[in-house]
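Structural overview
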Amino acid sequence: MIKAVESLVIEGSFFSASKSTVVNYKHHSLISIDQNGMIDRVINEHQEDYDQVRKRADHAGRLIELQPDEYLLPGFIDLHVHAPQWPQAGLALDRPLNEWLNHYTFPLEARYQDSQFAQHVYEQLVPELLANGTTTALYFGTIHNSANLILAKAAVKFGQRAFIGKVAMDNPEQTPSYYRDESSQAALSQTDEFIQKMESLQQQTGGHITPVITPRFVPSCTDETLNGLGQIARKYDLPIQSHCSESNWEHQYVIDRFGQHDAQVLDKFGLLTQRSVMAHGTQLDDTDIDLFKQRGSAVAHCPISNAYFGNGVLPVNKLIVNHNKIGLGSDISGGYSPSLYENSRQAVQASRMLEDGTDTTLPASKRGASNRRISMKTSFYMATVGGADSLNIMAGKIEPGYVADLQIVQDKNADFAAEPADVLDRLMYQTSPATIKKVFVGGQLVTEK
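Bear in mind the structure is a predicted one, so any value in this text is a computation, not a measurement.

**Some words on the nonpolar core**
Considering soluble globular proteins, one finds that nonpolar side chains tend to be buried as a cluster. Counting residues in each nonpolar core, the largest one holds 92 residues, and the members touching the most others are Phe-15, Tyr-122, Tyr-139 and Phe-380. Listed in part, the 15 residues of the second largest apolar core include Leu-138, Val-212, Val-277 and Leu-391.

Here you go:
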């Protein structure tokens, strides 16, 4: 485990979103972090005790001073990571989703019955995400509880805030014989067992880990399993994650099977709640979007993955205007990059293409959808505040009362002066692991360059 930091003061300038289109900039402040890893004060340089707090922290060796070309940002929150798929990131993205799952993904995930293989992968993945500024991740595991606990132990070891689900998938029509739960009863009992073991591990280690109810998606689960998972979610009041209206194939499969969209089916089984995070949603209609809002359920927007498998562009601005909860997901490995910076860029690009349209044989006025563009401020919001709201955690902001999940990033073009709003855009477009200098989770330093 990462050694606890008793308390800390960070001196420098920072950005923090307050709304989907508003990012606040604070120049040269002190961010005071208490012994519980919470931000307890933000002190600007004009407050009378600024010098006193700074000197006290400096004398005690608890002061971190940002360089003139460095900025403090909230840590990023990735709402959709398939942890076992990390070894195949970037592979076969030209295949349709159902082919990609059956020929690449399911055979890979079946390998996680080998605990050594699981440990090898997960002890690479967790540090990789932290190095990209991702302080919190919502993970799909596999059907194997032993491997899922190895993922949890890796999160504890490297200090990441992790929400982890044992994947439930028992429908023999849509899952291969070599990789599925033996029965609905097995899927449910092993989910319950995983919850108990996760809670025990959390108590033993003090790690930032939470179990998540995880039906893979509607096609992979029988009705009995979907219903049982909804009951377990109510019993333990736990987060829920799955995929929803992800592609033409998946969306149509659910319609053919139930005569309803994914959202209605998930809701029927008690899986659409204020603790639910559903990935993709490229095929959601207005009724689905309103149901998500009514239930307080969140959408994990995975812009890179959607470009390959989503068969559509999620209308992010439409959901935001409708006051839906929404954050960003990398969707490793349907998304090839572990960086939410890259996904933020793709989110902006996709929104512009959605608004402008792509078929130049049509008149410009008929090509796209109106009011669909988002700015980089909105992507930054989704990567921070939107993700935190989706998971119902006090994170994603640099304000008193929020956890000190933070990243220090370097502006590699700082020689070229710019207004703060332009600096934020530059950071979001140019930041890479090489320019993410320090990452903190709960006030603990978890990675440094």
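The discussion continues.
**Description of the pattern of salt bridges**
All told, the structure shown has 18 salt bridges when counted by the stated rule. The partner of Arg-295 in a salt bridge is Asp-267, with the nearest N and O atoms 2.7 Å apart. Within this pair, whereas Arg-295 is found in helix H9 (residues 286–295), its partner Asp-267 is found in helix H8 (residues 262–268), the two being separated by 28 residues in sequence. Look at Asp-267 and you get partly exposed, because its relative accessible area is 21%. The residue Asp-411 makes a salt bridge to Arg-426 at a minimum N-O spacing of 2.8 Å. Of this pair, Asp-411 sits in the loop between strand E14 (406–410) and helix H15 (420–430) while Arg-426 is found in helix H15, placing the two residues 15 residues apart along the sequence. Within this structure, Glu-11, Arg-54 and Glu-65 form a network of salt bridges that share partners.

**Remarks on the packing of helix H14 (residues 376–391) against H15**
Where H14 meets H15, the axes come as close as 10 Å, and the angle between the chain directions of the two elements is 65°. Crossing of H14 over H15 shows left-handed handedness. Every residue of H15 that contacts H14 at Met-376, Lys-377 and Phe-380 is listed here: Ala-421, Leu-424, Asp-425, Met-428 and Tyr-429. Considering only residue class, the contact of H14 with H15 consists of 6 nonpolar, no polar and 2 charged.

**Description of empty space enclosed by the protein**
With the rule as written, the count across this model stands at 3 cavities of 30 Å³ or more. Of the pockets and cavities examined, the largest cavity occupies roughly 110 Å³. Lining the largest cavity are 13 residues, with His-82, Trp-100, Leu-101, His-243 and Glu-246 positioned closest to its centre. The biggest single contributor to the lining of the largest cavity is helix H2 (residues 97–110), with 3 residues. Classifying every residue of the lining of the largest cavity gives 5 nonpolar, 5 polar and 3 charged. Put simply, the second largest cavity is a space of about 40 Å³. Taken together, Asn-98, Leu-101, Asn-102, Phe-106, Gln-174, Phe-217 and Trp-249 form the lining of the second largest cavity. For the lining of the second largest cavity, the element with the highest residue contribution is H2, accounting for 4 residues. For the lining of the second largest cavity, the residue count by class is 4 nonpolar, 3 polar and no charged.

Calculation notes
Residues numbered from 1 in each chain as written. Predicted model: local features only at pLDDT ≥ 70, side-chain atom pairs only at ≥ 80, totals over all residues. Heavy atoms only, no water. Core = buried A, V, L, I, M, F, W, Y, C linked by side-chain atoms within 4.5 Å. Buried < 20%, exposed > 50% of the residue type's maximum accessible area, 1.4 Å probe, protein only. Salt bridge = Lys/Arg side-chain N within 4 Å of Asp/Glu carboxyl O. Helix = DSSP H or I, 4+ residues; strand = E, 2+ residues; numbered from the N terminus. Axes fitted to C-alpha atoms, helices over the stretch in contact; angles between N-to-C directions. Left-handed = near helix turned anticlockwise from the far one by under 90°. Contact = heavy atoms within 4.5 Å. Nonpolar A, V, L, I, M, F, W, Y, C, P; charged D, E, K, R; others polar. 1 Å grid on protein atoms, 1.4 Å probe; cavity = no way out; pocket = protein on both sides within 12 Å on 5 of 7 lines; lining within 4 Å. Points joined across faces, edges and corners; volume = space filled by probe spheres on them.

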